[in-house]
Each structure stands twice: as C-alpha cells, then as structure tokens.
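# Residue-level structure breakdown
Residue-level listing of the chains:
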Amino acid sequence: MQTPDRTKSALAFERAKRAIPGGVNSPARAFGGVGGSPLFIARAHGPRLYDLDGHEYLDFIGSWGPMILGHCHPKVVDAAVAALMNGSSYGAPCELETQLAELVIAAVPSVEMVRFVSSGTEATMSAIRLARGFTGRDRIVKFAGCYHGHVDSLLVSAGSSALTLGVPNSPGVPAGCTNDTTVLRFNDTAALAELFAAKGDRIAGVILEPIVGNMGLVPPSDEFRRELRRLTQKHGALLIYDEVMTGFRLGYGGAQVLLGESPDLSCYGKIIGGGYPVGAYGGRADVMGKVMPAGPVFQAGTLSGNPVAMAAGIATLTELRDNPPYARLDAQSARIGAGLLEAARTANVPARFNRVGSMWTLFFTGTDVTDLDTAKTSDTARFARFFWAMMDRGVYLPCSQFEAAFTCAAMTDAHIEQTIGAASESLAVIG
Ligand code: HOZ
C-alpha cells in the first residue's frame, strides 16, 4: 500500500519546532519512541482524529485517557458551552465544584473529601506533600516504571515519556529533591516487606498506579497489592493511589473499586475533567482536613475548580454513571486482545497482551510483563514499525511501547474488527 501523504503535518512540526521546544508541549506527543513526525490534529469527533492532511484515524489514545466517551460527546459539549456562557473563570467558589466533588465522593468509598487542581502532576505533588504533612515523615516510596507526572521528587525511574526517551532522571532535579524517594520494583512483595521491616516507621507514603499504564499496561499481583495495604496500615504510612489514568476508566470509581481496595489518598485527572485540564486529590477526611485553609498544608491554584472544566467533568461522570459503558468496553478490548494475539501468532511474532478493562498494551516480547524490567524486554524497533504500519491503515496507537492504549465508548464492534484487520495486515508486512 502507498504511504499516506502527511506533508502538512510535517511542515507544521517544522514550524512548531522553531517556536516550541521540540515542537510539542509534552514530550509524549513527539513520536520519540517511533521516529518520524507527529500528526498535527485538525479536529476530532467520536472515535476519530482527523489530521491536517485530511486523513482520519481510529483514536486509541483519547488524549492519553480522558476521552472515554469519545470526542465531542454531545452532553459534554452542551455542558461546557453552557458553563462558558456564564463566564470562563471566577477565582471564587462556585457550586459546580461541590457538585463534581460530590459525584467523586459518591463513587469512591475511600474518598471522603476532594480538592481540585488543574493537572495530574499537581494532584500527585499535592498528595505527597499532604502525606508528609500529615505523618510528619519525609520518605516517599514509588515503583520503577510508574509515572506520576513531572513532580521533582517522583521523577526517578519514571515511566511514560521519561522512559520512552531514556531520561529517567531529568537534569534540573536537585539530588536533594529525590533523597527522600525510595524506588522499588513493581510487584516485588519481598522487597516491599524488607523495606518496611527496616524503615517502615519513617515512610510518609507509598504512591503507585494501582494498575500501571505508564510502562505499558501492567496489573498488580493480588499478593503485592494486599501486602502493600497491610504494611502501610501497620506502619502508619499513607497508601496513595495515582488513579489519574485509571480513575473512572476501569469502572465507575476506578481501579480501587475494581480491586476492592481502600487507599488513604487518591489522585485523579483526565476523565474527571471530561477533556479539560483538571486534577484532583482526595481521601480520608482526617487527612484531607489538613489541607489549607482547613489545615496547615499549603496548596493553591488560580484556575483550580475552573467552572467550564467542572461542568464537563460533571457531564462525563453523570453519563458514565447513568449509562455505564464499562461492560462493552471490556468485551471490545478483550476482542482486540484475542485478535492481536492471533495476528501475532500467524506472523510468528512473539507477543504478550496485557489488559484491564479498556486499557491495554501489546508488548512485542516472549516474556510475561509484570514490571519495568520485563517490559523492557520488548522489541521496541518492531513496535515502531508496527505503529507506523497501523497508522498507514488508519489506526492511531500510543506512540510508545511503554504506554497503554485506550478503547473508547464511541467505538463500535465494526471499529474493533477494523483494528484487528489492520493489525493482521501490519504484522504480516513488518514481521
Ligand atoms: N500521562 C500520559 C500518559 N502516560 C502522558 C501525557 C503526556 O505526558 O503528555
């Protein structure tokens, strides 16, 4: 087949690079893991993106997670427009903030109070500050391959673009910022037990993506998850779930509801803003009661609780609650897994498919992927060829082996079969 002409995107990228570092406002978008120029998007609707050159793509990124209902869902658009007509920002409280907080609280049993911020990074940064303020301890534990935004103290062995681009530790993060961060291997229960036995009473909190999306999709083992809850409780450390990606994605309420777990604090973003810039952290009332002005732990933001974003979030959560798409998303994503693995077998390509609900990753490896080391056994050069072959066939996948793909509710069974057909052709061609 002929490679589609993407000249307009390429020219737009060249122009952007003269004005914006690397031509993008977040490195995950720059196609560093797959080579070539990123697509420049002209518009999006339903399950599709449309690029500057007039090509259309089934969108399995969904803005890296938020667009679970697809692009331009009419109820979300109507809510955002109605809010916008009442003014775009007040710098003063409005009832929309309380309404969205109440929706989150009603959906997630462990969350008794919520504070809204403007991004997932702000949410995790604020949650670990709160964990430290509440416990009076400094040490934070994270897991290799988990990514919690670009918070200085968490930018160690991080996943997502920090992993794709091979920059686990960024220049500009002073050693002092990470001295109190301990990194463990995900799913390594023995290492966790050893650390808590030695230093448990000095640990303020443990932060993790309960189901990891940022080294590709990696679920926790039951033993690891339960031990994490038991040890943090025993030692008075706070368990912090970063549900920025999984919140309201893996079921109404998120990963913790699916797993039956109860963390002390949870971080949100993406879906709860319905496609607008929102983050949130919430949890136990006694802990959240320490946030200023209720308590002494400082955290603030001019655009926090922005009315347009709140309205879009309310419309999105209301739709997810009243017309839950989760069972269909699960079935469609399972069908993608079966189809992709069959295509890989036919093409004699070693592969593993990790999936929970509508988040999934096809790893090009013959090794089960349970942590960062096993994720890194993947053939990233083959992934890059596969990515472009899929793109040429109208399927837009995450541009890195170490990211999760997202199925959205606007996709029909025909879109799923189209994706599997594209994968069969792509793997037959690239091998
Ligand atoms: N947190 C997103 C998924 N890994 C990446 C978004 C970004 O860095 O732009």
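First, a word on scope: everything that follows refers to the structure included in this document. (Residues numbered from 1 in each chain as written. Predicted model: local features only at pLDDT ≥ 70, side-chain atom pairs only at ≥ 80, totals over all residues. Heavy atoms only, no water.)

Overall, mixed pairing links the seven strands, which are arranged 4-10-9-8-7-5-6 in an open sheet. This sheet does not close on itself; its edge strands, each paired only once, are strand 4 (113-117) and strand 6 (181-184). Strand-to-strand twist of the sheet, defined as the mean angle between neighbouring strand axes without regard to direction, takes the value 20°. As paired elements, strand 4 and strand 10 (residues 279-283) share five bridges and run antiparallel to each other. Bridge assignment links arginine 115 to a residue of strand 10, and that residue is tyrosine 281. (Pairing = 2+ DSSP bridges. Helix = DSSP H or I, 4+ residues; strand = E, 2+ residues; numbered from the N terminus. Axes fitted to C-alpha atoms, helices over the stretch in contact; angles between N-to-C directions.)

What follows is about the pairing of strand 5 (residues 139-143). The buried fraction of strand 5 is high, at five of five residues. Here strand 5 shows two buried faces, one formed by Arg139, Val141 and Phe143 and the other by Ile140 and Lys142. Inspection of the sheet shows strand 5 paired to strand 7 (residues 203-208) by three bridges, in the parallel sense. In the strand pairing of strand 7, isoleucine 140 is matched with glycine 205. The sheet contact formed by strand 5 and strand 6 spans four bridges and is parallel. Each bridged residue has a counterpart across the sheet, and for isoleucine 140 the counterpart in strand 6 is threonine 181. (Buried < 20%, exposed > 50% of the residue type's maximum accessible area, 1.4 Å probe, protein only.)

On to helix 15 (residues 413-430). The end-to-end C-alpha distance of helix 15 is 26 Å, a good match for the 26 Å that 18 residues give at a rise of 1.5 Å each. For helix 15, the complete set of buried residues consists of His415, Ile416, Thr419, Ile420, Ala422, Ala423, Ser426, Leu427 and Ile430. Looking straight down helix 15, one finds its buried side chains confined to an arc of 160°; they lie on one side. Residues Asp413, Ala414, Ala428 and Val429 are exposed on helix 15 and point more than 90 degrees away from its buried face. Among the structural elements, strand 2 (48-51), strand 3 (56-59), helix 12 (326-346), helix 14 (380-392) and strand 13 (395-396) are those in contact with the buried residues of helix 15. Backbone geometry just after helix 15 places glycine 431 at a positive phi near 65°. (Expected span 1.5 Å × (residues − 1). Arc of directions from axis to C-beta. Contact = heavy atoms within 4.5 Å.)

Moving on to the layout of surface pockets. Of the voids in this model, the second largest pocket is the one considered here, and its volume is about 630 Å³. Lining the second largest pocket are 29 residues; nearest its centre among them are Glu97, Val114, Arg115, Phe116 and Pro293. Put simply, the parts of the chain that give the lining of the second largest pocket at least two residues each are helix 3 (95-107) and strand 4. A per-class count over the lining of the second largest pocket returns 17 nonpolar, ten polar and two charged. (1 Å grid on protein atoms, 1.4 Å probe; cavity = no way out; pocket = protein on both sides within 12 Å on 5 of 7 lines; lining within 4 Å. Points joined across faces, edges and corners; volume = space filled by probe spheres on them. Nonpolar A, V, L, I, M, F, W, Y, C, P; charged D, E, K, R; others polar.)

Here serine 110 shows up in the loop between helix 3 and strand 4. By relative accessible area, serine 110 is classed as buried at 7%.

Turning our attention to the site of the ligand. Ser26, Ala28, Trp64, Tyr147, Ser160, Asn214, Met245, Lys270 and Glu403 make up every residue found near the ligand. Serine 26 is positioned with one of its side-chain polar atoms (N or O) 2.5 Å from an oxygen atom of the ligand. Asparagine 214 is positioned such that a nitrogen or oxygen atom in its side chain is 2.4 Å from a nitrogen atom of the ligand. For the ligand, whose unbound accessible area comes to 290 Å², protein coverage reaches 86%. (Near = heavy atom within 4 Å. Polar contact = N/O pair within 3.5 Å; in protein donor to acceptor, adjacent residues only side chain to side chain. Areas by Shrake-Rupley, 256 points an atom, 1.4 Å probe, with all protein chains shown as cover.)

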